[in-house]
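# Understanding the architecture of this molecule
Listed below, chain by chain, are the residues.
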2 protein chains.
Amino acid sequence: MTSVLWILFDGGGDRPREGTTPFFAALKPVIDSLASYGSCGMMDPIAPGIRPGSDTAHLALFGYDPYKYYTGRGAFEALGAGVDLKPGDVAFRTNLATVDERGIVVDRRAGRYISPEEAQEVEGLMAKIGEEIERKYGVSILYKSTVEHRGVLVLRGAVSHRVSDTDPHKVGEAIKPSAPLDGDERAKVTAEVINEITARFRSLSKELEANKRRGSKGEPLINAILVRGGGYMPSIESIHDKYKIRAAAVAGVALIRGVAKAVGMDVYTAEGLVGTKFDKFDEAVKLAVQLMKRYDLVFLHVKGTDSASHDGDFRGKVDVVERLDAALRPYEAVLRENYVVVTSDHATPVSVREHTGEPVPVLLYGPDVIRDDVTKFSELTCWRGALGRIKGIDITPILASYLGLSEKFGE
Amino acid sequence: MTSVLWILFDGGGDRPREGTTPFFAALKPVIDSLASYGSCGMMDPIAPGIRPGSDTAHLALFGYDPYKYYTGRGAFEALGAGVDLKPGDVAFRTNLATVDERGIVVDRRAGRYISPEEAQEVEGLMAKIGEEIERKYGVSILYKSTVEHRGVLVLRGAVSHRVSDTDPHKVGEAIKPSAPLDGDERAKVTAEVINEITARFRSLSKELEANKRRGSKGEPLINAILVRGGGYMPSIESIHDKYKIRAAAVAGVALIRGVAKAVGMDVYTAEGLVGTKFDKFDEAVKLAVQLMKRYDLVFLHVKGTDSASHDGDFRGKVDVVERLDAALRPYEAVLRENYVVVTSDHATPVSVREHTGEPVPVLLYGPDVIRDDVTKFSELTCWRGALGRIKGIDITPILASYLGLSEKFGE
């Protein structure tokens, strides 16, 4: 069975400085060999000049119009954290934080490190608050701690994501009351629920064992929960129903796992693939290549390029690309008999340290794909390739056609 | 007067194998010379990765969004067969078939060969059934035999195309009753009409002279009519109203003739242009060049490339291109003074034998068109041309502009 390995360097795209970019500088013989034999081009993840988030870009790349399907980051983050969301659920991203007696935020991350025991204790506290909320509002809530101070809060019932954040997004300011953003009764109820959770958390968190211990050591207390980025879970047709593609994703980052799950991909983890610029790729690539036997498409998400970019770390970004390429080396022969896509979800230039709106290089290798002149995968070279300039949303239909899975439109 | 000759190789696009494609391999000095002096590019007939039918692709190429105008093959096939459809008419594709006593289909084609006399007799039978239908339902019907066992059935009145096929699409199964596909009263009536025609045909076909003769020889009887692919005739603004272009099409294939007619082109036939891979092009090209004197645009449809592709016949596909090019040779000087477009409506790789979703090469020659580096018309070369990567629906507006016929948008 022919299959596709799709390698995505998150934030991999860059802007040239002193005649080079991380993709151009990286020594990556496997990827560049695939570029030599395949088609290259430039891809606007969403549309020219649009600065994508990783979530909207991934939706587009998986073949879903983000203007139709994107409904706030919260829902995708909750999915990624393993919460089994149903269409209509509303999810928020949360921070555990430290406030002073007047309710002014003094640490938006409560010291950042939250131990597993502390996280569990907070989840217990939120479950208790949830019982009160359910009785009072008929809204059931689920809180799950994710990484460090971060978590997700899911509301189920007659709720809406059209409410404002309580997170002031900076220290020295008070927690904001959540307010409905439209006239819908559900938005009113949701804001009330959020404010009630905020108040109950502040009063009940005094009893946390974690805070007794933290207080005695002079560490920042976990005495507030900040809520932001509400989104509702949309009803999304699976990639199998929409494109006939059986797809798997290998990813360590919660948000990407969430998007992949939302479109019906089976999501896998691999040792070493955590989502930092120090990730190791041997196990992830090994797993991805194994999965190619069972899936039409295996998506491998590499976060490190984006992390290094946000740090302004050119060399670190190059290293991530080089380590991934080295991990591909044992499988070069297998890859040659299948399709390989290499691309990025958006540029994150190390000079800018933020997502930008330029197109990113894209490579499509396959035994029956047109071979163009491009011999190196990078922003400085792919623009002259046979793919021309395409959009992120074109990729999945193109792959479905090569895999022979597309429905014909007409006779 | 400057005019456009538009040569379309149906299914001409291909995928590279062993470093070549039929377009690349074909010796076609006239077309390649036009490529040398003109602009080349790659064209997604509908959109990247979308596998087009010939009908949807032609609609797009003629400047009509197929997602808006495509309403099932039946209507276009009936138009191509010379039936004068009106907006709102519903047309089906039909097979004459053989069923056993229990109504089980034993031959979906009634032996495939239907003599002209037999076809005429069946048309007479259907006219008789039509009188009954008209009396009972107020729906008028028209049946026309096309090629071999195939025909078209047109319903006019308060009818709908939203009914299911009666054709089981395989032997060994019974004719299916047609059922309405939505709650509309017209769909209910249409399904009843179809089922009545099916029943009347079975009983009345016993009296056909053709069946007396066939029965005595042990040949498959013409004792059933199978109906499929219902489509209604949309209201389509003509290419002259929409783009100010007076257009003619020279085509042998009923479906393409139908699409051309639907958009208001005058449709011509030429000796030798039947629609097979053995077609001769001398008369067709001669006629097309003559018509250039009277029309802004002359569209010449070459079916053989698609037929050869469906047969997996690389050499046959090359031959079609080479014969067409040879037929152009006497008119090279005329062509040089006009515009020439060469393209394809979709790829049909000989390795796949089916329509696929890759872009196809496109060539635009004209005395005032940008000359790029491309010297050969093929998938392996046109991607580096000045046209870049365009969509099928872009072609007609581009030609209208070169012809000086476009309306200005704004001041």
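Residues numbered from 1 in each chain as written. Chains lettered and ligands numbered in written order. Predicted model: local features only at pLDDT ≥ 70, side-chain atom pairs only at ≥ 80, totals over all residues. Heavy atoms only, no water.

## Considering the overall build of chain A
Helix and strand counts for chain A come out as 15 helices and 14 strands. In terms of principal-axis extent, the alpha carbons of chain A reach across some 65 × 50 × 35 Å. Within chain A, the fraction of its 411 residues that count as buried is 59%. Long-range contacts, defined as pairs at least 24 residues apart, comprise 74% of the intrachain contacts of chain A with a sequence gap of at least 6. Here chain A displays about 16,100 Å² of accessible surface, and carbon together with sulfur accounts for 50% of that area. The centroid of the 54 positive side-chain charges in chain A is displaced by 2 Å from the centroid of its 58 negative side-chain charges. (Helix = DSSP H or I, 4+ residues; strand = E, 2+ residues; numbered from the N terminus. Buried < 20%, exposed > 50% of the residue type's maximum accessible area, 1.4 Å probe, protein only. Contact = heavy atoms within 4.5 Å. Areas by Shrake-Rupley, 256 points an atom, 1.4 Å probe, with all protein chains shown as cover. Lys, Arg positive; Asp, Glu negative; His and termini not counted. Charge placed at Lys NZ, Arg CZ, Asp CG, Glu CD.)

## Remarks on the interface of chain B and chain A
Contacts between the two partners involve 28 residues from chain B and, on the opposite side, 23 residues from chain A. Buried surface at the junction of chain B and chain A, summed over both partners, amounts to about 2,100 Å²; 57% is from carbon and sulfur atoms. Of all residues in chain B, R51, W383 and R389 of chain B give up the largest surface area on contact with chain A, accounting jointly for 33% of the area buried on that side. At the boundary of chain B and chain A, one finds five salt bridges. Close ionic contact of R15 of chain B with D368 of chain A constitutes a salt bridge, the shortest N to O distance being 3.1 Å. Connecting chain B to chain A are 12 residue pairs in polar contact (both at pLDDT 80 or more). The set of elements that each furnish at least two residues to the side of chain B that touches chain A consists of β3 (51–52), α3 (54–61) and α4 (66–69) of chain B. Top element by residues in the side of chain B that touches chain A is α3 of chain B. It accounts for three residues. Residues that form the side of chain B that touches chain A fall into these classes: 11 nonpolar, seven polar and 10 charged. Relative to β3 of chain B, strand β14 (residues 408–409) of chain A runs parallel, the two sharing two bridges. (Buried area = accessible area lost by both parts, 1.4 Å probe. Salt bridge = Lys/Arg side-chain N within 4 Å of Asp/Glu carboxyl O. Polar contact = N/O pair within 3.5 Å; in protein donor to acceptor, adjacent residues only side chain to side chain. Nonpolar A, V, L, I, M, F, W, Y, C, P; charged D, E, K, R; others polar. Pairing = 2+ DSSP bridges.)

## Section: helix α8 (residues 209–217) of chain A
Residue and element names in this part refer to chain A. Burial in α8 covers these residues: A210, N211 and R214. Buried residues along α8 cover an arc of 90° about the axis, so they all sit on one side. Exposed residues on α8 whose side chains face more than 90 degrees from its buried face are E209 and S216. Looking at the buried side of α8, the elements it contacts are α6 (116–137). Looking one or two residues past α8, G218 carries a phi angle of roughly 75°, positive in sign. (Arc of directions from axis to C-beta.)

## Quick look at the relation of the copies chain B and chain A
Least-squares fitting of chain B to chain A yields an RMSD of 0.4 Å, with the transformation described by 0.0 Å of translation along the axis and a rotation of 122°. On this basis, the relationship between the two copies can be described by a three-fold rotation axis. The share of interface residues of chain B whose copies in chain A are also at the interface is only 4%, consistent with the copies meeting through different surfaces. (Least-squares fit on C-alpha atoms with pLDDT ≥ 70 in both.)

## Some details on the domain arrangement of chain A
All names here are of chain A. As assigned here, chain A comprises domain 1 (4–70 + 236–402) and domain 2 (78–232). Placing a centre on the C-alpha atoms of domain 1 and another on those of domain 2 gives a separation of 34 Å. Of the roughly 330 Å² buried between domain 1 and domain 2, counting both surfaces, carbon and sulfur atoms make up 65%. The largest contributions to the domain 1 side of the interface with domain 2 come from A254, G258 and K261, which together make up 77% of the buried area. Where domain 1 packs against domain 2, one counts zero salt bridges. The interface formed by domain 1 and domain 2 includes one residue pair in polar contact (both at pLDDT 80 or more). (Domains from an automatic or database assignment.)

## Quick look at the environment of I222 of chain A
All names here are of chain A. Mapped onto the elements, I222 comes out in the loop between α8 and β7 (224–232). In this structure the C-alpha to C-alpha distance between I222 and F62, which are 160 residues apart in sequence, comes to 38 Å. Leaving out residues up to four positions away in the same chain, I222 has contacts with L96, A97, A110, I114, E118, V122, F201, S205, L208, A210, N211 and R214.

## Remarks on the sheet that holds strand β10 (residues 297–302) of chain A
All names here are of chain A. The sheet built from eight strands is open, its strands ordered β9-β8-β10-β1-β11-β12-β2-β13 with mixed pairing. Strand pairing shows two members of the sheet lacking a second neighbour, β9 (266–268) and β13 (388–391), which therefore form its edges. Averaged over all pairs of adjacent strands, the angle between their axes in this sheet comes to 25°, without regard to strand direction. Inspection of the sheet shows strand β2 (residues 39–44) paired to β13 by four bridges, in the parallel sense. (Axes fitted to C-alpha atoms, helices over the stretch in contact; angles between N-to-C directions.)

## Regarding the packing of aromatic side chains
Inspection of the entire model under this criterion finds 22 aromatic pairs over all chains. Three or more aromatic residues link up through ring pairs in this structure, and these residues are F409 of chain A together with Y67, Y70 and F76 of chain B. Taking NZ or CZ as reference, K376 of chain B lies 4.0 Å from the ring centre of F24 of chain B, over its face. (Phe/Tyr/Trp six-rings, centres within 6.5 Å; stacked < 30°, edge-to-face > 60°. Lys NZ or Arg CZ within 6 Å of the ring centre and 35° of its normal.)

## Some points on the sheet that holds strand β9 (residues 247–250) of chain B
Residue and element names in this part refer to chain B. With respect to topology, eight strands assemble into an open sheet ordered β10-β9-β11-β1-β12-β13-β2-β14, the strand pairing being mixed. Sheet topology places β10 (266–268) and β14 (388–391) at the edges, where each strand pairs with a single neighbour. When the angles between neighbouring strand axes are averaged without regard to direction, this sheet yields 25°. The strands touched by α3 within the sheet are β1 (4–9), β2 (39–44), β11 (297–302) and β12 (339–344), with β1 carrying the most contacts at an inclination of about 160°. Relative to β1, helix α13 (residues 314–328) is tilted by about 160°, and along the sheet it contacts β1 and β11.

## Let's talk about the packing of helix α2 (residues 29–37) of chain B against α13 of chain B
Residue and element names in this part refer to chain B. At their nearest, the axes of α2 and α13 sit 7 Å apart, and the two run at 75° to each other. In terms of orientation, α2 and α13 fall into the roughly perpendicular class. When α2 is examined against α13, the residues P29, V30 and I31 are found in contact with a partner set consisting of L324, D325 and L328. Partitioning the contact of α2 with α13 into residue classes produces five nonpolar, no polar and one charged. (Parallel < 35°, antiparallel > 145°, perpendicular 65-115°, else oblique.)

## Considering unusual backbone geometry
All names here are of chain A. Within the chain, R112 stands out as a residue other than glycine whose phi angle is a positive 70°. Within the secondary structure, R112 sits in the loop between β4 (105–107) and α6. Its identity as a non-glycine residue notwithstanding, R353 has a phi of 65°, on the positive side. You can see R353 is positioned in the loop between β11 (339–344) and β12 (360–365).

## Structural notes on the pairing of β7 of chain A
Residues and elements named next belong to chain A. For β7, the tally of buried residues reaches seven of nine residues, placing the bulk of the element in the interior. In the sheet, strand β3 (residues 90–99) pairs with β7 via seven bridges, with the strands oriented antiparallel. Note on β7: the bridge partner recorded for R93 is R228.

## Topic: the environment of P22 of chain B
Residues and elements named next belong to chain B. Secondary-structure assignment places P22 in helix α1 (residues 22–25). A relative accessible area of 1% means that P22 is categorised as buried. Taking the C-alpha atoms as reference points, P22 and T305, 283 residues apart in sequence, are found 9.1 Å from one another. Among residues more than four places away in sequence, those in contact with P22 are D14, F314, K317 and V318.

## Some points on the UniProt feature "domain: Metalloenzyme" (unreviewed entry) in chain A
Residues given the UniProt feature "domain: Metalloenzyme" (unreviewed entry) here are residues 4–399 of chain A. Strand forms 19% of residues 4–399 of chain A and helix 35%; the C-alpha atoms that close the span are 8 Å apart. (UniProt positions renumbered as here; feature names shortened; annotations may be inferred.)

## Regarding the pattern of salt bridges
If you walk through the whole model with that rule in mind, you get 65 salt bridges over all chains. For R213 of chain A, the salt bridge identified is with E219 of chain A, shortest N-O distance 3.8 Å. According to the relative accessible area criterion, E219 of chain A is partly exposed, its value standing at 32%. The salt bridge partner of E322 of chain B is R315 of chain B, with a shortest N-O separation of 3.1 Å.

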